[in-house]
Amino acid sequence: MSRPGRDDAPDRLYTVTQGRSGSGPDNPFDLVTLVVAECEPTPGMQSEHTAILRLTEAPTAVVEIAAELRLPVSITKILLADLHAAGRVSARHPYTAAVPDPDILEQVLVGLRNL
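As the structure is a prediction and not an experimental result, all values here were calculated from the model.

## Re the packing of helix H3 (residues 62-69) against helix H4 (residues 73-85)
Inference 1: Relative to each other, H3 and H4 sit at 110°, their axes nearing to 9 Å. The angle between the axes of H3 and H4 places the two elements in the roughly perpendicular class. Along the contact surface, H3 presents Val62, Ile65 and Ala66, while H4 presents Val73, Thr76, Lys77 and Leu80.
Inference 2: Among the residues forming the contact of H3 with H4, the class breakdown is five nonpolar, one polar and one charged.

## Quick word on the confidence of the model for the protein
Inference 1: Averaged over the protein, the pLDDT score is 82; the fraction of residues at 70 or greater is 77%.
Inference 2: Element-level mean pLDDT values for the protein span from 66 in helix H1 (residues 10-16) up to 94 in H3.

## A look at the nonpolar core
Inference 1: Formed by 16 residues in total, the largest nonpolar core has its most connected members in Phe29, Val35, Ile52, Ile65, Leu79, Leu80 and Val89.
Inference 2: Contributing elements (two or more residues each) for this core: strand E1 (34-37), helix H2 (47-55), H3 and H4.
Inference 3: Broken down by element, this core gets its largest block of residues, four residues, from H4.
Inference 4: Not counting residues up to four positions away in its chain, the partners in contact with Ile52 are Ile65, Leu69, Leu79, Leu80 and Leu83.

## Notes on the pairing of E1
Inference 1: Of the strand pairs in this sheet, E1 and strand E2 (residues 60-61) are connected by two bridges, and their pairing is antiparallel. Opposite Leu34, over in E2, you have Ala61 as the bridge partner.
Inference 2: Bridge count for E1 against strand E3 (residues 89-92) is four bridges, and the pairing is antiparallel. Residue pairing in the sheet places Val36 in a bridge with Ser90 of E3.

## Digging into the packing of H2 against H4
Inference 1: Running from N to C, H2 and H4 point in directions that differ by 75°, and their axes come no closer than 10 Å. Between H2 and H4, the angle is such that the two are roughly perpendicular. Facing H2, whose interface residues are Glu48, His49 and Ile52, H4 presents Leu79, Leu80, Asp82 and Leu83.
Inference 2: Of the residues that constitute the contact of H2 with H4, the class distribution is four nonpolar, one polar and two charged.

## With respect to the sheet that holds E2
Inference 1: Pairing within the open sheet is antiparallel, and its three strands lie in the order E2-E1-E3. Of all the strands in the sheet, just E2 and E3 have a single pairing partner and so form its edges.
Inference 2: Against the sheet, H4 makes contact with E1 and E3, and its axis sits at roughly 115° relative to E3, the strand it touches most.

## Digging into unusual backbone geometry
Inference 1: With phi around 55°, Arg70 is a residue other than glycine that occupies positive phi space.
Inference 2: Structurally, the position occupied by Arg70 is in the loop between H3 and H4.
Inference 3: A residue is classified by how much of its surface remains accessible, and Arg70, at 69% relative accessible area, is exposed.

Reading the values: the criteria
- Residues numbered from 1 in each chain as written.
- Predicted model: local features only at pLDDT ≥ 70, side-chain atom pairs only at ≥ 80, totals over all residues.
- Heavy atoms only, no water.
- Axes fitted to C-alpha atoms, helices over the stretch in contact; angles between N-to-C directions.
- Helix = DSSP H or I, 4+ residues; strand = E, 2+ residues; numbered from the N terminus.
- Parallel < 35°, antiparallel > 145°, perpendicular 65-115°, else oblique.
- Contact = heavy atoms within 4.5 Å.
- Nonpolar A, V, L, I, M, F, W, Y, C, P; charged D, E, K, R; others polar.
- pLDDT = per-residue confidence, 0-100.
- Core = buried A, V, L, I, M, F, W, Y, C linked by side-chain atoms within 4.5 Å.
- Buried < 20%, exposed > 50% of the residue type's maximum accessible area, 1.4 Å probe, protein only.
- Pairing = 2+ DSSP bridges.

In structure tokens:
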């Protein structure tokens, strides 16, 4: 019994990525990176690239794109790197709130206790 996305047509995955197994050290994509299309698909584009551009009309996480395409995340990152290099998508990392300084938090706590 095969597992979808794992054992199905490894030659297809090889073809989709043009034989590449990694997207390079300067790849800006991780699982939660938000991807946004910067243009519309054009005729003659690889079908996976077209699907990615349609999926990312609104900001979409890399892991969601991989799930929608039913491709491994590593393959999806390679495809995204191709589109990013061509200027067809942009990558945004989700906003993370700054962690306050523990000393300031302790001073606030002491001030509250003194009230």
